[in-house]
Protein chains: 2
Amino acid sequence: MLNLLGEHHCKLDPKGPLLFPGKLRKQLEHHVHHGLVVNRDIFSKCLVIYPKPEWDKVNEEMSRLSRYNQKHQLFQRKFMKGATLIELDSNGRLLLPSALLEYAEIDIDENNECVITGLGEKMELWSSKNHDEVILDEDFDFGSLAEDVRKDIERNAQNQ
Amino acid sequence: MLNLLGEHHCKLDPKGPLLFPGKLRKQLEHHVHHGLVVNRDIFSKCLVIYPKPEWDKVNEEMSRLSRYNQKHQLFQRKFMKGATLIELDSNGRLLLPSALLEYAEIDIDENNECVITGLGEKMELWSSKNHDEVILDEDFDFGSLAEDVRKDIERNAQNQ
DNA sequence: TTATTAAAAAGTGGCGAAAAATGGTTGCGG
DNA sequence: CCGCAACCATTTTTCGCCACTTTTTAATAA
């Protein structure tokens, strides 16, 4: 099972919007030749990067939606719109679509620091600024969030 | 079953942010070659260190969360973000990511004293300063905390 | 019982290989 | 013809390894 880990700080190449940390590349080893799929996160101003095989799962889930249901179609569009298959260049760098960078508030020209974090089967790409805000959110009530999630999981277990 | 114990005081290597347990290594013996996973604690300014097999359980639990549920995603991010796989070097030292050390308020340069405590299946890493403050908190009401926990355990037992 | 010695573990520093950042150049497409 | 992107070469830094010093612990002998 894929278990991407680590918090990697990196810069966008000032020339083109290129990038990519090496330790993640090692963890991806056998998966990376299939390419990566980048997309906007639905909930936060960051990008999600899936190894292609993981994205295939997403795609498979989407294919189960009804073609004739407006809500399903809207959901599919919201979720998949913008997803792009990208591959590493010979230096192990990524060329990210500028529209996606813009969404994640990553500025190509100036504040080009960003953070890639491994989250098991996927990765997230944040601008340094947004990332710090998430990390340093002191008031965040993790306890009650955890409780909500726990209830969901229990309910799920009962339904099965 | 793994049962890590002890309170170990140690120093960071002044060169790089290196460090090492010692007697803990003996307790880890057969687990340590798989590596260790370090992460920020959710509630306190300290780091949590899991033997890899223990972390694998966490990762497996996380993979059951819903990709399309905002709370689940937030939970996963808060919990897993920053988790890093590290291995002991040939001298039995650990190279801890500086971003994590910073979170735990462990200063590489000056006050480089820290404390590692065994907590059964995981360990905690504290700066000496923070550790003292938490441990020596005289006003802490252990009685009512214990009572709350006891209730939780009982309720859990009834639900099963 | 204490002291001395030996062996192992702990702590320190430097060196070298490998990877990552940078800059320049060429080729392709619009 | 211009611009962007892929490729290549060079410099710089990181970090993993190795060798050396110091401390601790244990054992044996006085």
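As a reminder, the structure under discussion sits directly above these lines.
Residues numbered from 1 in each chain as written. Chains lettered and ligands numbered in written order. Predicted model: local features only at pLDDT ≥ 70, side-chain atom pairs only at ≥ 80, totals over all residues. Heavy atoms only, no water.

**Q** Lay out the environment of Leu-2 of chain B in plain terms, naming residues and giving numbers.
**A** Residue and element names in this part refer to chain B. With respect to the helices, strands and loops of the structure, Leu-2 is situated in the segment before strand E1 (7-11). According to the relative accessible area criterion, Leu-2 is buried, its value standing at 16%. On a C-alpha basis, the gap between Leu-2 and Lys-57 in space is 14 Å, while along the polypeptide they are 55 residues apart. In this view, Leu-2 contacts Gln-27, Leu-28, His-31, Pro-51, Gly-120 and Glu-121; residues no more than four positions away in its chain are not counted. (Helix = DSSP H or I, 4+ residues; strand = E, 2+ residues; numbered from the N terminus. Buried < 20%, exposed > 50% of the residue type's maximum accessible area, 1.4 Å probe, protein only. Contact = heavy atoms within 4.5 Å.)

**Q** If you had to explain the relation of the copies chain B and chain A to someone new, which residues and values would you point to?
**A** Expressed as a screw operation, the relation of chain B to chain A combines 9.6 Å of axial shift with a rotation of 23°, fitting to an RMSD of 0.4 Å. A share of only 12% of interface residues in chain B that are also interface residues in chain A marks the association as one of differing surfaces. (Least-squares fit on C-alpha atoms with pLDDT ≥ 70 in both.)

**Q** Outline the sheet that holds strand E8 (residues 122-127) of chain B, supporting the account with residue identities and numerical values.
**A** Residues and elements named next belong to chain B. If you trace the six strands from one edge of the open sheet to the other, you get E1-E7-E8-E4-E3-E5, paired in antiparallel fashion. Across the chains shown, the open sheet's two edge strands, defined by having one partner strand only, are E1 and strand E5 (84-86). Here the average twist between neighbouring strands, direction ignored, is 30°. Sheet topology note: the strand E4 (residues 47-51)/E8 ladder contains three bridges and is antiparallel. Each bridged residue has a counterpart across the sheet, and for Ile-49 the counterpart in E8 is Met-123. (Pairing = 2+ DSSP bridges. Axes fitted to C-alpha atoms, helices over the stretch in contact; angles between N-to-C directions.)

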